[in-house]
Amino acid sequence: MQEQRMTILAVDDSPATLEVISRHLNGAGYQIHTCGSVEEAGDFLDAVSVDLVITDFKMPKSSGLDLIKYVRENFKDTEIMMITGYPSISGAVEAMRDGAGEYLAKPFTGEELLAVVRRILDKQARRRAVHAGTQEIATHGIIGECPEMRTVFDLIRKASQTSANVFISGESGTGKELVARAVHYNSDRRASAFVPVNCTAIPDTLLESELFGHVKGAFTGARDSRAGFFEIANGGTIFLDEIGDASPSLQAKLLRVMQSKEFCMVGSSRTRTVDTRIIAATHQNLRQLVQQGLFREDLFYRIHVIEIRLPSLAERGNDILLLANHFLNKFASDMGRPAPRLTDEALTALMHYPWPGNVRELENLLQRLVIIGEGDDIDITDLPETMRFTISRHRFGEKTLAEVEAEHIRCVLAGTGDNKTRAAEILGIDRKTLREKLKRLGLG
Ligand SMILES: Nc1ncnc2c1ncn2[C@@H]1O[C@H](COP(=O)(O)OP(=O)(O)OP(=O)(O)O)[C@@H](O)[C@H]1O
Ligand SMILES: [Mg+2]
């Protein structure tokens, strides 16, 4: 996606304040416009598309509240931030509840201004990504835009142009099979078969006949001859899933067929030649299995020509929201109903959850939510309890009480521009106690 300059409109009756805001935001690369009154701002908004409106609360004619109302009613995708002086804070807080996004108290530093602006625009960008849908890069149903997934798409493309063996690694549920299929269906082997083989599931006694087939009468019960996986995948691709679980005898047989490209069907001495592309995958650390002597090093190098590593879902940033939206639409349309919307809180929760089951877990969760959900919204309270618990523990759980206290004190001090009297007031302690605490924290 191309980076676009975000457009901000600042509205204040004080030219000095407008000047300060312009200077800081211009410096940070935003496109900034200013208006001296609500009326002027209304006209401007009708003419120019704006991402964020920063407005003063108290102005001589109409107040910031009128502007907020106007924006809320007419420009649903525009964010609002309010600036207030101390005396009017309580009114402003109420206004925020009524639909303004965030507020900043005067006087503020350039850093504080930038921090709030960035937070608002970041949230907006995430929401836009979720509701856009059209920004998806889809390769055979693989959704993703983050840099790690772009690398994956790039490797899929390169791998598709050759017949070299591919090794796909990644935690469970990250889309390894999806990627294997994409490589096959993007390659010129697509007209022939893609044959998935689960290496965990084949008992050693059946190995030979499953992989290479058998001729009629090869063993008791072999009433007909039957082709094996390699034969079926001739001209196409064989996908060796969970290769880390392959038994020593399976490993030996795979190595042999990879080296010679030849095999014999069980019960026959005639060698057959196949042209089969091999893609292998595992959620295990194969290198470690080699070090532990559980996986053959020679086979490891054979299958490891091109490696595609799939990132865990938690590493994919905003892709989580893109995927969530994709699954919501998919399951809702399966059920023939409009897709529910995820509230901002629910979106934030999805972003903070560690997703041990990766994309598969996200997919299952959204399917469940679409099936059991009744309203138009999915809120944080609709998410499973274990998930909400993990999120709050993830955010706060590893900290001691003293650390939380220190963090809060620092935060309040920053918010008051280092005004200790005001900070003590907010914290509900006297100045002396605050001084002592600061000294203990090495901040005094
Ligand atoms: N980037 C993606 N976009 C859309 N759907 C995805 C994506 N990644 C995974 N999925 C979906 O998530 C589910 C799990 O994917 P897949 O079976 O390919 O994972 P896997 O890595 O093979 O998992 P395992 O290690 O458990 O076998 C599938 O339903 C798949 O369609
Ligand atoms: Mg799989």
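Numbering of residues starts from 1 in each chain and follows the order in which that chain's sequence is written. As they are written, the chains are lettered A onward and the ligands numbered 1 onward, keeping that order. Local features in this predicted model are restricted to residues of pLDDT 70 or higher, and side-chain atom pairs are both shown and tallied only at a pLDDT of 80 or more, whereas totals for entire chains, interfaces and linings draw on every residue. Hydrogens and waters are ignored; side-chain quantities use all the structure's heavy atoms.

Engineer: Describe the pairing of strand 16 (residues 306–309), with residues and values.
Structural biologist: Alternating positions in strand 16 separate cleanly, Ile306 and Ile308 being buried on one face and Glu307 and Arg309 remaining unburied on the opposite face. Between any two strands, pairing holds if DSSP finds at least two bridges. The secondary structure listing takes helices from DSSP runs of H or I that are at least 4 residues long and strands from runs of E that are at least 2 residues long, numbered from the N terminus. Relative to strand 16, strand 8 (residues 166–169) runs parallel, the two sharing four bridges. Considered in strand 16, the bridge of Ser169 is made with Arg309. Burial status follows relative accessibility: with a 1.4 Å probe on protein chains alone, a residue under 20% of its type maximum counts as buried, one over 50% as exposed, and anything between as partly exposed.

Engineer: Give me the nonpolar core: which residues, what numbers.
Structural biologist: Residues enter a nonpolar core if they are buried and are Ala, Val, Leu, Ile, Met, Phe, Trp, Tyr or Cys, with the set joined through side-chain atoms within 4.5 Å. Core analysis: the largest hydrophobic core is formed by 32 residues, its most contacted members being Phe230, Leu240, Ile243, Leu254, Phe295 and Ile303. Broken down by element, this core gets its largest block of residues, five residues, from helix 10 (residues 248–260). The contact partners of Ile243, leaving out residues within four places of it in the chain, are Phe167, Cys199, Leu254, Ala280, Ala281, Thr282, Leu286, Phe295 and Ile303. The next biggest cluster of nonpolar side chains, apart from the first, holds 27 residues, and it includes Leu313, Phe331, Ala346 and Leu369. The criterion used for residue contact is that any of the two residues' heavy atoms lie within 4.5 Å.

Engineer: How would you sum up the pattern of salt bridges? Please name residues and give values.
Structural biologist: The term salt bridge refers to a pairing of a side-chain nitrogen on Lys or Arg with a carboxyl oxygen on Asp or Glu at a separation within 4 Å. Counted by the stated rule, this structure contains 14 salt bridges. Across the pair Glu19 and Arg23 runs a salt bridge, and its minimum N-O distance is 3.7 Å. With Glu19 and Arg23 both in helix 1 (residues 15–27), this residue pair falls four residues apart, about one helical turn. A network of salt bridges, in which partner residues are shared, links Asp154, Arg157 and Lys158.

Engineer: Describe in detail the sheet that holds strand 12 (residues 237–241), supporting the description with residues and values.
Structural biologist: Pairing is parallel across the open sheet formed by five strands, whose spatial order is 9-12-15-8-16. A strand with exactly one partner marks an edge of an open sheet, and here the two such strands are strand 9 (194–198) and strand 16. Strand-to-strand twist across the sheet, computed as the mean angle between neighbouring axes with direction ignored, equals 20 degrees. In terms of strand pairing, strand 9 meets strand 12 through five bridges, oriented parallel. Residue pairing in the sheet places Phe194 in a bridge with Thr237 of strand 12. Lying on the sheet, helix 7 (residues 176–186) is in contact with strand 8, strand 9, strand 12, strand 15 (277–282) and strand 16; it crosses strand 9 at an angle near 150 degrees. In this analysis, axes come from line fits to C-alpha atoms, helices being fitted only over the stretch in contact, and the angle between any two N-to-C directions falls in the range 0 to 180 degrees.

Engineer: Lay out the side chain of Glu242 with the relevant residues and their values.
Structural biologist: Considering the arrangement of structural elements, one finds Glu242 in the loop between strand 12 and helix 10. No salt bridge is formed by the buried Glu242; the nearest opposite charge belongs to Lys176, separated by 5.5 Å. Not counting residues up to four positions away in its chain, the partners in contact with Glu242 are Asn198, Cys199, Thr200, Ala281, Thr282 and His283. Counting rule applied: Lys, Arg positive; Asp, Glu negative; His and chain ends not counted.

Engineer: Tell me about the packing of helix 6 (residues 147–160) against helix 7, and please be specific about residues and values.
Structural biologist: Where helix 6 contacts helix 7, the two axes come as close as 8 Å, and the packing angle between them is 40 degrees. Looking at the two axes, helix 6 sits oblique to helix 7. The interaxial crossing formed by helix 6 with helix 7 has right-handed handedness. Between helix 6 and helix 7, the residues in contact are Val152, Ile156, Ala159 and Ser160 and Val179, Ala182, Val183 and Asn186, respectively. Under the scheme applied here, ten amino acids are nonpolar (Ala, Val, Leu, Ile, Met, Phe, Trp, Tyr, Cys and Pro), four are charged (Asp, Glu, Lys and Arg), and all others, including Gly, are polar. Classifying every residue of the contact of helix 6 with helix 7 by side-chain character gives six nonpolar, two polar and no charged. Should an angle fall under 35 degrees it is called roughly parallel, over 145 degrees roughly antiparallel, and 65 to 115 degrees roughly perpendicular, with every other angle called oblique. By the definition used in this description, the sense in which the near helix is turned from the far one sets the handedness, with an anticlockwise turn below a right angle giving left-handed and a clockwise turn giving right-handed.

Engineer: Got a sec to walk through the domain arrangement of the protein chain? Specific residues and values, please.
Structural biologist: An automatic or database domain assignment supplies the residue ranges for each domain. Segmenting the protein chain into domains produces domain 1 (7–132), domain 2 (139–309), domain 3 (314–397) and domain 4 (401–440). Taking the mean C-alpha position of each, domain 1 and domain 2 sit 57 Å from one another.

Engineer: Residues and numbers for helix 2 (residues 38–47), please.
Structural biologist: Of all the positions in helix 2, only Val38, Ala41, Gly42, Phe44 and Leu45 are classed as buried. For helix 2, the buried positions fall inside an angular range of 165 degrees around the axis, keeping them on one side. Facing away from the buried side of helix 2, by more than 90 degrees, are the exposed residues Asp43 and Ala47. As used here, the arc belongs to the directions running from the helix axis to the C-beta atoms.

Engineer: Which residues make up helix 19 (residues 431–440), and what values do they have?
Structural biologist: Considered for burial, the residues of helix 19 that qualify are Leu434, Lys437 and Leu438. Mapping the buried residues of helix 19 onto a view down its axis gives an arc of 100 degrees, with all of them on the same face. In helix 19, the exposed residues that point more than 90 degrees away from the buried face are Lys432, Lys439 and Arg440. Here the buried face of helix 19 lies against helix 17 (401–415) and helix 18 (420–427). At the exit of helix 19 stands Gly442, carrying a positive phi of roughly 75 degrees.

Engineer: I'd love a proper account of the environment of Leu434, names of residues and values included.
Structural biologist: With respect to the helices, strands and loops of the structure, Leu434 is situated in helix 19. For Leu434, a relative accessible area of 1% translates into the label buried. The spatial distance from the C-alpha of Leu434 to the C-alpha of Ala424 is 6.2 Å, given a sequence separation of 10 residues. Apart from the residues within four sequence positions on either side, Leu434 is in contact with Ile409, Lys420, Ala423, Ala424, Leu427 and Ile429.

Engineer: Outline the sheet that holds strand 5 (residues 102–105), listing residues and values.
Structural biologist: The strand order across the open sheet built from five strands is 2-1-3-4-5, with neighbouring strands paired in parallel fashion. Two strands in the sheet have a free side with no partner beyond their single neighbour: strand 2 (31–35) and strand 5. On average, each strand axis in the sheet is inclined to that of its neighbour by 20 degrees, with strand direction left out of account. The sheet contact formed by strand 3 (residues 52–56) and strand 4 (residues 79–84) spans five bridges and is parallel. Bridge assignment links Asp56 to a residue of strand 4, and that residue is Ile83.

Engineer: If you had to explain the site of ligand 1 to someone new, which residues and values would you point to?
Structural biologist: The environment of ligand 1 is formed by 18 residues, the closest being Ile143, Ser172, Gly173, Lys176 and Glu363. We call two N or O atoms a polar contact when they sit within 3.5 Å, provided that within protein one can donate a hydrogen and the other can accept it, with sequence-adjacent residues counted only if both atoms are side-chain atoms. At 2.8 Å from an oxygen atom of ligand 1 is found a main-chain nitrogen or oxygen belonging to Gly173. A distance of 2.9 Å separates an oxygen atom of ligand 1 from a polar atom in the side chain of Arg360. Computed with the Shrake-Rupley method and a 1.4 Å probe, the accessible areas treat only the protein chains shown as cover for residues. If ligand 1 stood free it would expose 640 Å²; the protein chains cover 84% of that surface. Elements supplying a minimum of two residues to the shell around ligand 1: strand 7 (142–143), helix 7, helix 13 (319–334) and helix 15 (358–372). Looking at the shell around ligand 1 residue by residue, the classes come out as six nonpolar, five polar and seven charged. For the shell around ligand 1, the domains that each give at least three residues are domain 2 (139–309) and domain 3 (314–397). When we say a residue is near a molecule or strand, we mean one of its heavy atoms is within 4 Å of it.

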